[in-house]
Amino acid sequence: MRDFPTEAPDLHEAEPIPAAAKAAIEELLQSGDLFRYTAPADAPVALLEREFAEMMGSRYALAVSSCSAALFLSLKALDLPKGAKVLIPAFTFAAVPSAVVHAEMQPVLVEVSMDYRIDLADFEQKLADADAVLISHMRGHTSDMDAILKLATAHDLPVIEDAAHSLGTVWGGQKIGTLGHVGCFSFQSYKMINAGEGGILITDDAELVARAVIMSGAYEHNWKKHGDIAEAAAKWQNKLPLYNLRMQNLSATVIRPQLAELPRRVRDGLRNHDYVAAKLQASGYFEVPPSLKPETRAPDSIQFNLAGFSEDQSRAFLAEAKKRGVGAQIFGLSQDNARAFWNWQFIEGPVPDLPKTRAMLAQACDVRLPVRLTLPELDFVADALISAAKAVKA
Ligand SMILES: *Cc1c(COP(=O)(O)O)cnc(C)c1O
């Protein structure tokens, strides 16, 4: 019975794609028109870009093959010299420093605190020597964007937001992804909108988007299918490499009907998170960092710290949780974790000394909370985690 689960819910099971997508996909398959630039206008990818930009209140959107591609193109489109230094948080997904390396720039890792947010003192110190800032709102946790934007503006540095996991988050009344010069989002399956793979960037900067459009693979005059960027794009004709990171129409057709689902998903995700967070916090075993004051989150997972657990106890806790059917990870304890900075050995030079981030990664536990979970299922997850901690601490 679904109301009284005796079995753990599947924390990786996706929500079905809205039925409206099926008819649109059928029609698209009938036409065979999968390439975004075949139709003279209104291809599904172009419609998605228009709808997404409108939803976010941005002037331009460019849909691409992944958020990593969006980050790479954003960095390239800044038109910085080779080797430019890009500040990124030391707690993020390996694809983020990878995008910087791919763009032939140098990632500079900034310390992250126990609340998963950028350490502002370290940020300010490293800013003096930086050429750009890439803020990863990791697991949807927003760093203090007021302070970051103020400091970056004072140093005249562009800010890219990696909002891959923050679609629907609001900061001081403004949508995350619209605070910096460019915002990048993901449509990979573990994010708020699921197309398997896909990404999109938004900006108000015509020059920047024109460069990104061309480099994404708008060869010859295909940039004419991107709205009012003609003046900027004509200037860059034949002057930029084509990386061919386009989105195809099938992905856009899967994504478009999900845009209307976003407010519900965000609402449910926040409800689920706050419900489990209150239970975990009240248990006395865990510390769940609160959100910042200006922040209204859109989570589909929960992070909490195993404060006062030894490493052995932490490992035992994961095993006890798994026994109860709930999969959890501690970012710094699993082998080859893609979110542990010491595993980013593709970055040139020695592994940086980042004691704060290292301490956080040793304690920070991560559990997926898909937005479709019901309250009884959330009870199951929370109770399993608390009972696992009890077993370890007994
Ligand atoms: C998922 C994710 C990415 C990568 O997105 P892709 O679309 O898979 O390239 C980057 N940054 C963060 C914070 C993410 O959560």
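Residues numbered from 1 in each chain as written. Predicted model: local features only at pLDDT ≥ 70, side-chain atom pairs only at ≥ 80, totals over all residues. Heavy atoms only, no water.

A. Inspection of the overall build of the chain at higher detail. The number of helices and strands found in the chain is 13 helices and 13 strands. Rg of the C-alpha trace for the chain: 21 Å, near the compact-globule value of 21 Å for 394 residues, within the 12% margin. Here the chain holds 394 residues, and 54% of them are scored as buried. Look at the contacts in the chain between residues 6 or more apart in sequence, and 72% of them connect residues 24 or more apart. When the accessible surface of the chain is totalled, it reaches about 17000 Å², and 53% of it is carbon and sulfur. In the chain, the 39 positive side-chain charges and the 49 negative ones have mean positions that sit 2 Å from each other. (Helix = DSSP H or I, 4+ residues; strand = E, 2+ residues; numbered from the N terminus. Rg over C-alpha atoms; globule rule 2.2 N^0.38 Å. Buried < 20%, exposed > 50% of the residue type's maximum accessible area, 1.4 Å probe, protein only. Contact = heavy atoms within 4.5 Å. Areas by Shrake-Rupley, 256 points an atom, 1.4 Å probe, with all protein chains shown as cover. Lys, Arg positive; Asp, Glu negative; His and termini not counted. Charge placed at Lys NZ, Arg CZ, Asp CG, Glu CD.)

B. Region of interest: helix α5 (residues 120–127). For α5, the full list of buried residues reads Asp122, Phe123 and Leu127. Along the long axis of α5, the arc covered by the buried residues comes to 135°, so they all point the same way. Of the exposed residues in α5, those oriented more than 90 degrees away from the buried face are Ala121 and Gln125. Those residues of α5 that are buried are in contact with β2 (85–89), β3 (106–110), β4 (132–136) and α6 (145–154). (Arc of directions from axis to C-beta.)

C. A look at the site of the ligand. Taken together, 13 residues sit near the ligand, with Cys67, Ser68, Asp162, Ser186 and Lys191 positioned nearest. Between the ligand and Cys67 there is a distance of 2.8 Å, counted from an oxygen atom to a backbone nitrogen or oxygen. Between the ligand and His165, the relevant distance is 3.4 Å, taken from an oxygen atom to a side-chain nitrogen or oxygen of the residue. Expressed as a share of its isolated accessible area of 390 Å², the protein-covered part of the ligand is 92%. Of the residues assigned to the shell around the ligand, the class counts are four nonpolar, seven polar and two charged. (Near = heavy atom within 4 Å. Polar contact = N/O pair within 3.5 Å; in protein donor to acceptor, adjacent residues only side chain to side chain. Nonpolar A, V, L, I, M, F, W, Y, C, P; charged D, E, K, R; others polar.)

D. Broad picture of a nonpolar patch on the surface. On the surface, a nonpolar cluster with roughly 240 Å² of combined accessible area is contributed by Phe35, Tyr219 and Leu242. Summarising the element assignment, Leu242 is placed in the loop between α8 (230–235) and α9 (249–255). (Patch = residues over 30% accessible without salt bridge, like charges linked within 9 Å, V, L, I, M, F, W, Y side chains within 5 Å. Salt bridge = Lys/Arg side-chain N within 4 Å of Asp/Glu carboxyl O.)

E. Layout of the state of the cysteines. Under the defined criterion, the tally for this structure stands at zero disulfides. Residue Cys184 stays outside any disulfide, its sulfur separated by 5.4 Å from that of Cys67, the closest cysteine. The class of Cys184 is buried, set by a relative accessible area of 0%. (Disulfide = S-S within 2.5 Å.)

F. Representation of the packing of helix α3 (residues 67–77) against helix α4 (residues 95–102) within the structure. Interhelical geometry of α3 versus α4 gives an angle of 35° and a closest axis separation of 9 Å. Considering the relative orientation of α3 and α4, their crossing is right-handed. From α3, Ser68, Leu71, Phe72 and Leu75 reach across to α4, where they touch Ala95, Val96, Ala99, Val100 and His102. Residue classes in the contact of α3 with α4 are distributed as seven nonpolar, two polar and no charged. (Axes fitted to C-alpha atoms, helices over the stretch in contact; angles between N-to-C directions. Left-handed = near helix turned anticlockwise from the far one by under 90°.)

G. Quick peek at the sheet that holds β2. In spatial order, the strands read β1-β9-β8-β5-β4-β2-β3; together these seven strands make up an open sheet with mixed pairing. Taken across any chain shown, the strands that pair with only one partner, and hence form the sheet edges, are β1 (60–64) and β3. Between one strand axis and the next, the sheet turns through 20° on average, direction left out of account. Of the strand pairs in this sheet, strand β8 (residues 182–186) and strand β9 (residues 199–203) are connected by five bridges, and their pairing is antiparallel. The residue bridging Ser186 from the neighbouring strand is Gly199, located in β9. On top of the sheet, helix α2 (residues 44–56) reaches β1, β8 and β9; it is set at about 135° to β1, its chief contact. The sheet strands contacting α3 are β1, β2, β4, β5 (159–162), β8 and β9, and the helix crosses β8 at an angle near 160°. (Pairing = 2+ DSSP bridges.)

H. Structural detail: the nonpolar core. One finds Leu73, Leu75, Leu134 and Leu201 to be the most contacted residues of the largest nonpolar core, which totals 58 residues. Of all the elements, α3 adds the most residues to this core, at eight residues. Apart from residues lying up to four places away in sequence, Leu75 is in contact with Val86, Ala99, Val100, Ala103, Met105, Leu134 and Ile160. (Core = buried A, V, L, I, M, F, W, Y, C linked by side-chain atoms within 4.5 Å.)

I. The arrangement of the pattern of salt bridges in detail. Throughout the structure, instances matching the rule amount to 24 salt bridges. The partner of Arg117 in a salt bridge is Glu295, with the nearest N and O atoms 2.9 Å apart. One end of the pair, Arg117, is in the loop between β3 and α5; the other, Glu295, is in strand β10 (residues 295–296), and 178 residues separate them in sequence. Of the two residues, Arg117 and Glu295, both sit in the buried class. Here Asp119 ties to Lys356 by a salt bridge, and the two come within 2.7 Å at their closest N and O atoms. Note that Asp119 is positioned in the loop between β3 and α5 and Lys356 in helix α12 (residues 355–363), a separation of 237 residues in sequence. The class for Asp119 is buried, based on a relative accessible area of 10%. A relative accessible area of 44% means that Lys356 is categorised as partly exposed. Residues joined in a network through salt bridges with shared partners are Glu15, Glu261, Arg264, Arg265 and Asp268.

J. Structural view of the packing of aromatic side chains. One pass over the full model with this rule turns up 11 aromatic pairs. Ring geometry for Phe341 and Trp342: centres 5.1 Å apart, planes at 75°, overall edge-to-face. Residue Phe341 is classed as buried on the basis of its relative accessible area of 2%. Within the aromatic cluster, the residues linked to one another by ring pairs are Tyr285, Phe286, Phe304, Phe309 and Phe317. In this arrangement the basic side chain of Arg368 is found over the ring face of Tyr190, its NZ or CZ atom lying 4.3 Å from the centre. The positively charged end of Lys393 is found above the aromatic ring belonging to Phe309, 4.4 Å away from the centroid. (Phe/Tyr/Trp six-rings, centres within 6.5 Å; stacked < 30°, edge-to-face > 60°. Lys NZ or Arg CZ within 6 Å of the ring centre and 35° of its normal.)

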